[in-house]
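Residue strings, one per chain:
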Number of protein chains: 2
Amino acid sequence: MFDFFTGDHFSYIAAILTTIAFIPQAVQTIITRDTDAISLEMYICFCTGVFFWLCYGVHIGSWAMMIANSFTLVLSLIILSYKIFNERKKA
Amino acid sequence: MFDFFTGDHFSYIAAILTTIAFIPQAVQTIITRDTDAISLEMYICFCTGVFFWLCYGVHIGSWAMMIANSFTLVLSLIILSYKIFNERKKA
């Protein structure tokens, strides 16, 4: 799967990094419960986008895309949930 | 380019949404200058990942990937810069 001779490794490293990036954000949000600096619109837009990437993964039958996007979707939905909860508490 | 009959539209909608998602976050960060709830590790990881997606776009000669990832990289670098600036001010 990993092919360092074709340049495809760029996409594997990229996919891994942009997927795991949401782990520290989700952990920080769960621990601190602080979402003030986080944009609600960003996470609504992002979660919807990742959902469509997941649909595309299912459509083309790519397990890598399905797994990576399911993982990102769960993490970004956790962050979005905290944000919505905090916004409703404020209102 | 847009082909609603093959299911490729999933990827176009997904790419547009996950790219523009960073606009409201960058705008909010620039206006409020608040980055407390934002994870430094997330943006370091994410910017690096997007940079590799950009490299992959260059590698496969995809203008769509180059444009979308350059755009996302600029926005996420803006957010990362504010975060680093605020962290250094605190220290």
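To start, this report covers the structure provided alongside it.

What counts as what
Numbering of residues starts from 1 in every chain and runs along the sequence as written. Here the convention is simple: chains get letters from A, ligands get numbers from 1, in the order in which they are written. Reporting of local features is limited, given that this is a predicted model, to residues whose pLDDT is at least 70; pairs of side-chain atoms are given and counted only at 80 or more, and all residues count toward the totals for whole chains, interfaces and linings. Each side-chain value is derived from all of the structure's non-hydrogen atoms; neither hydrogens nor water enter the calculation. Residues below a pLDDT of 70 in either copy are left out; the C-alpha atoms of the rest, at least 70 in both, set the least-squares superposition of the copies. When a carboxyl oxygen of Asp or Glu lies within 4 Å of a side-chain nitrogen of Lys or Arg, that pair is called a salt bridge. To qualify as a helix, a DSSP run of H or I must reach at least 4 residues; to qualify as a strand, a run of E must reach at least 2; elements of each kind are numbered from the N terminus. Residue exposure (1.4 Å probe, protein chains only): buried if accessible area is under 20% of the type maximum, exposed if over 50%, otherwise partly exposed. Buriedness for pockets is judged along seven lines, at least five of which must meet protein on both sides within 12 Å for an open set on the 1 Å grid over protein atoms alone, while cavities are sets there where a 1.4 Å probe fits but cannot get out, and lining residues have an atom within 4 Å of a point. Grid points are joined across faces, edges and corners, and a volume is the space filled by probe spheres set on the points. Gly counts as polar in this scheme, as do all residues outside two lists: the nonpolar Ala, Val, Leu, Ile, Met, Phe, Trp, Tyr, Cys and Pro, and the charged Asp, Glu, Lys and Arg. Stacked, edge-to-face and tilted labels apply to pairs of Phe, Tyr and Trp rings (six-membered ring for Trp) whose centres lie within 6.5 Å, assigned for plane angles under 30 degrees, over 60, and everything in between, in that order. Geometry is summarised by axes, namely lines fitted to C-alpha atoms with helices restricted to the contacting stretch, and by angles between N-to-C directions that run from 0 to 180 degrees. Angles below 35 degrees are treated as roughly parallel, those above 145 as roughly antiparallel, those between 65 and 115 as roughly perpendicular, and all remaining angles as oblique. Crossing chirality is assigned from the near helix's rotation relative to the far helix, an anticlockwise turn below a right angle marking it left-handed and a clockwise turn marking it right-handed. Any two residues whose heavy atoms approach within 4.5 Å are treated as being in contact. In this analysis, a patch consists of residues with relative accessible area above 30% that form no salt bridge, clustered at 9 Å for like charges and at 5 Å for the nonpolar side chains Val, Leu, Ile, Met, Phe, Trp and Tyr. Surface exposure here means Shrake-Rupley accessible area, sampled with a 1.4 Å probe, where a residue is shielded only by the protein chains that are shown.

### A closer look at the relation of the copies chain A and chain B
Right, on to step 1. Note on the identical chains: chain A maps onto chain B by a rotation of 180 degrees and an axial translation of 0.0 Å, with an RMSD of 0.0 Å. Interpreted geometrically, this transformation is the action of a two-fold axis. Among all C-alpha atoms of chain A, that of A37 of chain A lies closest to the rotation axis, at 2.6 Å.

### Details of the pattern of salt bridges
Residues and elements named next belong to chain A.
Right, on to step 1. Scanning all chains against the criterion turns up six salt bridges over all chains.
Right, on to step 2. Across the salt bridge formed by D36 and K90, the nearest N and O atoms sit 3.2 Å from each other. In this pair, D36 is assigned in the loop between α2 (22-32) and α3 (40-60) and K90 in helix α4 (residues 63-90), connecting sequence segments 54 residues apart.
Right, on to step 3. Since its relative accessible area comes to 41%, D36 is described here as partly exposed.
Right, on to step 4. Owing to a relative accessible area of 58%, K90 belongs among the exposed residues under this scheme.
Right, on to step 5. In this structure, a network of salt bridges that share partners links the residues D36, K83, E87 and K90.

### Points about the layout of surface pockets
Right, on to step 1. Considered as a void within the structure, the largest pocket measures approximately 1300 Å³ in volume.
Right, on to step 2. As for the largest pocket, its lining consists of 41 residues, of which W53, M65 and N69 of chain A together with W53 and M65 of chain B are closest to the centre.
Right, on to step 3. Secondary structure elements with two or more residues in the lining of the largest pocket: α1 (9-20), α3 and α4 of chain A together with α1 (9-20), α3 (40-60) and α4 (63-90) of chain B.
Right, on to step 4. Considering every element that reaches the lining of the largest pocket, the biggest residue donor is α4 of chain A, with seven residues.
Right, on to step 5. Split into classes, the residues belonging to the lining of the largest pocket amount to 29 nonpolar, 12 polar and no charged.

### Overview of the packing of aromatic side chains
Right, on to step 1. Applying the stated criterion to the full structure yields 12 aromatic pairs over all chains.
Right, on to step 2. Seen from their ring centres, F46 of chain A and F22 of chain B are 5.8 Å apart, and the 80 degrees between their planes marks the pair as edge-to-face. Of this pair, F46 of chain A sits in helix α3 while F22 of chain B sits in helix α2 (residues 22-32), which puts the two residues in different chains. Taken as a pair, F46 of chain A and F22 of chain B share a single burial class, namely buried.
Right, on to step 3. Measuring from centroid to centroid gives 6.1 Å for F52 of chain A and F10 of chain B, while their planes differ by 40 degrees, and the two rings are tilted. Within this pair, whereas F52 of chain A is found in helix α3, its partner F10 of chain B is found in helix α1, the two belonging to separate chains.

### Examining the packing of α2 of chain A against α3 of chain B
Right, on to step 1. Two elements in contact, α2 of chain A and α3 of chain B, have axes separated by 7 Å at closest approach and are oriented at 165 degrees. In terms of orientation, α2 of chain A lies roughly antiparallel with respect to α3 of chain B. Seen from above, α2 of chain A lies across α3 of chain B with left-handed handedness. Residue-level contacts link F22, P24 and Q25 of chain A of α2 of chain A to E41, M42 and F46 of chain B of α3 of chain B.
Right, on to step 2. A per-class count over the contact of α2 of chain A with α3 of chain B returns four nonpolar, one polar and one charged.

### Quick notes on the packing of α1 of chain A against α3 of chain B
Helix-helix packing: each pair is described by the crossing angle between the helix axes and the interaxial distance.
Right, on to step 1. Orientation of α1 of chain A relative to α3 of chain B, taken along the N-to-C sense of each, is 155 degrees, at an axis distance of 8 Å. What the angle tells us is that α1 of chain A and α3 of chain B run roughly antiparallel. Considering how the two elements wind past one another, α1 of chain A and α3 of chain B form a crossing that is left-handed. Two secondary-structure elements touch here, α1 of chain A through F10, S11, I13, A14, A15, L17, T18 and I20 of chain A and α3 of chain B through C45, F46, T48, G49, V50, F52, W53, C55, Y56 and H59 of chain B.
Right, on to step 2. Class assignment of the residues belonging to the contact of α1 of chain A with α3 of chain B gives a composition of 13 nonpolar, five polar and no charged.

### Overview of a nonpolar patch on the surface
Residues and elements named next belong to chain A.
Right, on to step 1. A grouping of I16, I20, I23, V27, I31 and F71 is seen on the molecular surface, where their side chains present a nonpolar patch of about 520 Å² in accessible area.
Right, on to step 2. At the level of secondary structure, the elements contributing two or more residues to the nonpolar patch comprise α1 and α2.
Right, on to step 3. Broken down by element, the residue count for the nonpolar patch peaks at three residues, all from α2.
Right, on to step 4. Owing to a relative accessible area of 35%, I20 belongs among the partly exposed residues under this scheme.

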